[in-house]
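Close look at the chain arrangement
Take a look at the letters that make up each chain.
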Amino acid sequence: MRALNIGSLLSSAESCLRLQAGGPWRSGKLSKWPAVSLARPPWWWPRRPRPKGAARAGSRRRRREPISLMKPNKKNKDDTEDFTAQLENYKVKATRHIFLIRHSQYNLSASTDKERSLTSLGREQAELTGQRLASLGLNYDVLIHSSMTRAKETATIISKYLPGLEMMSCDLLREGAPIEPVPPVSHWKPEAMYHEDGARIEAAFRRYIHRADLKQENDSYEIIVCHANVIRYFVCRALQFPPEGWLRMCLNNGSITWLTIRPNGRVALRTLGDTGFMPPDKLSR
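A short tour of the structure in this document, coming up. Note that the coordinates shown come from a computational prediction; the quantities given were computed from them, not determined experimentally. (Residues numbered from 1 in each chain as written. Predicted model: local features only at pLDDT ≥ 70, side-chain atom pairs only at ≥ 80, totals over all residues. Heavy atoms only, no water.)

Next up on the list: the overall build of the chain. Each helix and strand counted, the chain has 7 helices and 6 strands in total. The secondary structure elements of the chain, listed N-terminal to C-terminal, are α-α-α-β-α-β-α-β-α-β-α-β-β. Residue burial in the chain is summarised as follows: out of 285 residues, 38% are buried. Here the contacts in the chain between residues at least 6 apart in sequence split such that 70% fall between residues at least 24 apart. Split by element, the accessible area of the chain, about 18300 Å² in all, is 51% carbon and sulfur. (Helix = DSSP H or I, 4+ residues; strand = E, 2+ residues; numbered from the N terminus. Buried < 20%, exposed > 50% of the residue type's maximum accessible area, 1.4 Å probe, protein only. Contact = heavy atoms within 4.5 Å. Areas by Shrake-Rupley, 256 points an atom, 1.4 Å probe, with all protein chains shown as cover.)

Here is the structure:
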């Protein structure tokens, strides 16, 4: 079937009207021709075919389930029972708890990352955050921090209240501009281009925000000390919100954002930027 072109159709209609004596075009105005709305294509407009082999959205979701890894034999009843038993081995059993900590207040007037160390207030904030995490009584598995100075110093202070906890540094968690915000803002301009930082921060999201591994038997509690832009982008992506809205959220220094990832893949935001454990005179953004 030959594809229809709305431009050629309108041109043909216009030509027909011009040939009509006494038609609406005599006065130079198209007073009787109805307006054409392009907000929704008319019934006769050809639909764009789906590429061969492309899956629907529901099909993509089903492929994330354990059953997509198995091929049952429907003809043999014994094989079907064995399939059900094997399916249990492909199901995630543990829940992941991820604590996203924004670094404490630092020296904003410095020109290099090495000089952007924590202020005296920033050190107090890190102490309070460490005390809060310790008071939860959870068995933390690891403390991961950005390789930037302010995040590293914040993580070091927090670790004093969590003795024996393994610490790791990650360059992917460095501060940056994840994606151009919508609506656009004029008061904030990133130091790097979006396409440079965005790919790195997205890689960090895929590394740390996911379901538990199949081999994981018990729930895990992980602490990630990083930056406001990274945390806000992680939250939008994890909750399947438009990531362009990341700049609409505000996070205080030393705040705690708690994400929970269930075995079935459902993500819950338990706290966002919590600083209720800090006195009002210790808060800063």
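After that view of the structure, there is still more to cover.
This part is about the sheet that holds strand 6 (residues 267-274). As summarised here, the arrangement of the 6 strands in space is 3-2-4-1-5-6, forming an open sheet in which the pairing is mixed. In the strand order of this sheet, the two ends are held by strand 3 (167-170) and strand 6, each with one partner. The average angle at which neighbouring strand axes cross in this sheet is 20°, direction not considered. Where helix 7 (residues 228-238) meets the sheet, its contacts fall on strand 1 (96-102), strand 4 (220-226), strand 5 (256-261) and strand 6, and the angle it forms with strand 1 comes to roughly 150°. (Pairing = 2+ DSSP bridges. Axes fitted to C-alpha atoms, helices over the stretch in contact; angles between N-to-C directions.)

On to the nonpolar core, then. Within the largest apolar cluster, 27 residues are counted, with the highest numbers of intra-cluster contacts made by L173, I209, I224 and F234. At the level of elements, strand 1, strand 2 (142-146), helix 6 (194-208), strand 4, helix 7 and strand 5 are the ones that each hand at least two residues to this core. Ignoring any residue separated from it by four or fewer positions in sequence, one finds I224 in contact with I98, F99, L100, I101, I144, L173 and Y208. (Core = buried A, V, L, I, M, F, W, Y, C linked by side-chain atoms within 4.5 Å.)

This brings us to the pattern of salt bridges. Enumeration over the complete set of coordinates arrives at 7 salt bridges. With a closest N to O distance of 3.9 Å, E153 and R123 form a salt bridge. Of the two residues, E153 sits in helix 5 (residues 149-159) while R123 sits in helix 4 (residues 120-135), which places them 30 residues apart along the sequence. Put simply, R206 and E202 hold a salt bridge, and the shortest N to O gap is 2.8 Å. With R206 and E202 both in helix 6, this residue pair falls 4 residues apart, about one helical turn. Given a relative accessible area of 60%, R206 falls into the exposed group. (Salt bridge = Lys/Arg side-chain N within 4 Å of Asp/Glu carboxyl O.)

Right, let's talk about the packing of aromatic side chains for a bit. Going through the model one piece at a time under the given rule, you end up with 3 aromatic pairs. Considering the side-chain rings of F99 and Y140, the 5.6 Å spacing of their centres and the 75° angle between planes classify their relative orientation as edge-to-face. A residue pair is termed long-range when its members are at least 10 positions apart, and F99 in strand 1 and Y140 in the loop between helix 4 and strand 2 qualify at 41 residues. Each member of the pair, F99 as well as Y140, carries the same accessibility label: buried. The structure contains a cluster of three or more aromatic residues connected by ring pairs, namely F99, Y140 and W258. It is R150 that lies over the ring of Y106; its NZ or CZ is 4.3 Å from the centre. Over the aromatic face of W258 sits the side chain of R270, whose NZ or CZ is 4.1 Å from the ring centroid. (Phe/Tyr/Trp six-rings, centres within 6.5 Å; stacked < 30°, edge-to-face > 60°. Lys NZ or Arg CZ within 6 Å of the ring centre and 35° of its normal.)

A few words now on helix 7. Where burial is concerned, most of helix 7 is hidden: 10 out of the 11 residues are buried. Of the residues making up helix 7, those classed as buried are A228, N229, V230, I231, R232, Y233, F234, V235, C236 and A238. Buried-residue contacts for helix 7 involve strand 1, helix 6, strand 4, strand 5 and strand 6. Once helix 7 finishes, Q240 follows within two positions and takes phi at roughly 60°, a positive value.

Orientation of helix 6 relative to helix 7, taken along the N-to-C sense of each, is 60°, at an axis distance of 10 Å. The angle between helix 6 and helix 7 falls in the class oblique. In terms of crossing hand, the pair formed by helix 6 and helix 7 is right-handed. Across from I201, E202, A204, F205 and R206 in helix 6, the residues of helix 7 making contact are V230, Y233, F234, R237 and A238. Of the residues that constitute the contact of helix 6 with helix 7, the class distribution is 7 nonpolar, no polar and 3 charged. (Parallel < 35°, antiparallel > 145°, perpendicular 65-115°, else oblique. Left-handed = near helix turned anticlockwise from the far one by under 90°. Nonpolar A, V, L, I, M, F, W, Y, C, P; charged D, E, K, R; others polar.)

Moving on: the side chain of R102. As for its placement among the helices and strands, R102 is situated in strand 1. Comment: no salt bridge for buried R102; closest opposite-charge side chain is E175, at 6.0 Å. Among the polar contacts listed, one links the side chain of R102 to the backbone oxygen of L251, at a separation of 2.7 Å. Engagement of the side chain of R102 in a polar contact is seen with the backbone oxygen of R285, the distance being 3.3 Å. Setting aside its immediate chain neighbours within four residues, R102 contacts C226, H227, A228, I231, L251, N252, N253, G254, S255 and R285. (Lys, Arg positive; Asp, Glu negative; His and termini not counted. Polar contact = N/O pair within 3.5 Å; in protein donor to acceptor, adjacent residues only side chain to side chain.)

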